[in-house]
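Below are the chains, spelled out letter by letter.
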Amino acid sequence: MKRECSNRDKILDAAARLFHQRGFQPTSLDDIVASSGVCRSNLYYHFASKEELGLAVVDWLVARFDSDVIEGTLRDAELPARRRLERFFAAVLNGLEADAYRRGCPFGNLAAELAGDHPKFRERLSGLFRHWEATVVTCLRDGIGRGEFRPDLDVERVATALVSQVEGAVLLSKTYGHGGPVRAAWATLELLESR
């Protein structure tokens, strides 16, 4: 039996969609109320301000990304590390293709729009990227331990480079309207391999 969505979840879902489509600044609370189907007083019952709602959306998206993408790719210790990274790139590419390359990464979009002027968003989003980097570090260390990757890799720097590369490739794919940049980034995994 399908559980009914709470009003809070309806608000978060609507806000996440609108922020991803339009951006945080151009999306009004009226837009979110209309899209979510809840009344304005209900929105204020759950969130005291647009900023509080925006930060909650980031947390909500991070939790979903972690459970829906990261768990099944980078953290799947049953798979070889190279395969985990490949599955991650494939998940990114599939997400972009499903959206016809229109919206890009919700985290990258919010970071580009808000991180420079809004310290709370910068802190929250940088926390996500650091968490993602730490997960990649663990994957790389597993790959070194299994002999898949070169033992001389500086795993922290490589993890930061891979996260940066994915975010940049997503931005270019959104701009170009095709997945070529993500595929090119994916191909660089060969540089990590043990020879």
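Computed from a predicted model, the values in this text were never measured in an experiment.

Quick notes on the rules
Sequence positions are assigned chain by chain, starting from 1 and proceeding in written order. The model is predicted, so local features are restricted to residues of pLDDT at least 70 and side-chain atom pairs to those at 80 or more, both for listing and for counting; the totals for chains, interfaces and linings are taken over all residues. Heavy atoms from the whole structure form the basis of all side-chain values; hydrogens and water molecules are not counted. Note on conventions: DSSP H or I runs of at least 4 residues are helices, E runs of at least 2 residues are strands, and numbering of each starts at the N terminus. Burial classes: relative accessible area under 20% of the type maximum marks a residue as buried, over 50% as exposed, and values in between as partly exposed (1.4 Å probe, protein chains only). Positive residues here are Lys and Arg, negative ones are Asp and Glu, while His and the chain termini are left out of the count. Where a charge sits is defined by one atom per residue type, namely NZ (Lys), CZ (Arg), CG (Asp) or CD (Glu). Here a helix's expected span is defined as the number of its residues, less one, multiplied by 1.5 Å. The criterion used for residue contact is that any of the two residues' heavy atoms lie within 4.5 Å. Within this analysis, the arc is defined by the directions that extend from the helix axis to the C-beta atoms. For helices, the fitted line uses only the C-alpha atoms of the stretch in contact; every axis is such a line through C-alpha atoms, and the angle between N-to-C directions lies from 0 to 180 degrees. Centre distance within 6.5 Å is the pairing criterion for rings of Phe, Tyr and Trp, where only the six-membered ring of Trp is used; planes under 30 degrees apart are then read as stacked, over 60 as edge-to-face, and the remainder as tilted. Counting rule for disulfides: a pair of cysteine sulfur atoms within 2.5 Å.

**Q** If you had to explain the overall build of the protein to someone new, which residues and values would you point to?
**A** Scanning the protein for helices and strands turns up 9 helices and 0 strands. If you list the helices and strands of the protein from N to C, you get α-α-α-α-α-α-α-α-α. Within the span of the protein, comprising 195 residues, buried residues form 44% of the whole. Within the protein, one finds 27 positive and 28 negative side-chain charges whose respective centroids are separated by 3 Å.

**Q** Explain helix 1 (residues 7-22) to me, using residue names and the numbers behind them.
**A** With 16 residues, helix 1 should cover 22 Å at 1.5 Å per step; its first-to-last C-alpha distance of 22 Å lies within 8% of that length. Those residues of helix 1 that sit buried are Ile11, Leu12, Ala14, Ala15, Ala16, Leu18, Phe19 and His20. Taken together, the buried residues of helix 1 touch helix 2 (29-36), helix 3 (40-46), helix 4 (50-70) and helix 6 (106-114).

**Q** How would you sum up helix 9 (residues 180-187)? Please name residues and give values.
**A** Of all the positions in helix 9, only Pro181, Val182 and Ala185 are classed as buried. The arc that holds every buried residue of helix 9, seen down its axis, measures 100 degrees, which confines them to one face. Buried positions along helix 9 lie against helix 5 (81-98) and helix 8 (155-176).

**Q** Describe the packing of helix 5 against helix 7 (residues 119-145), and please don't skip the residues or the numbers.
**A** Where helix 5 meets helix 7, the closest approach of the two axes is 8 Å, and the angle between their N-to-C directions is 145 degrees. Between helix 5 and helix 7, the contacting residues are Ala81, Arg84, Leu85 and Phe88 on the first element and Trp132, Val136, Cys139, Leu140, Asp142 and Gly143 on the second.

**Q** Mind laying out unusual backbone geometry, listing which residues take part and the relevant values?
**A** Even without a glycine there, the phi angle at Ala100 is positive, about 55 degrees. Examined against the element boundaries, Ala100 turns out to sit in the loop between helix 5 and helix 6. Residue class for Ala100 comes out partly exposed when judged on its relative accessible area of 43%. Its identity is not glycine, yet Tyr101 carries a phi of approximately 60 degrees, on the positive side. With respect to the element layout, Tyr101 can be found in the loop between helix 5 and helix 6. Its relative accessible area of 12% is what places Tyr101 among the buried residues.

**Q** I'd like to hear about the packing of aromatic side chains, residue by residue, with values.
**A** In this structure the tally under the stated criterion is 9 aromatic pairs. Seen from their ring centres, Phe65 and Trp132 are 6.0 Å apart, and the 70 degrees between their planes marks the pair as edge-to-face. Residue Phe65 is found in helix 4, and its partner Trp132 is found in helix 7; the two are separated by 67 residues along the sequence. Across the pair, exposure class does not vary: Phe65 and Trp132 are buried alike.

**Q** Describe the state of the cysteines, and please don't skip the residues or the numbers.
**A** Under the counting rule described, the total for this entry stands at 0 disulfides. This cysteine, Cys105, is not joined by any disulfide, and Cys139 carries the nearest cysteine sulfur, 19 Å off. Overall, Cys139 belongs to the buried group, its relative accessible area being 0%.

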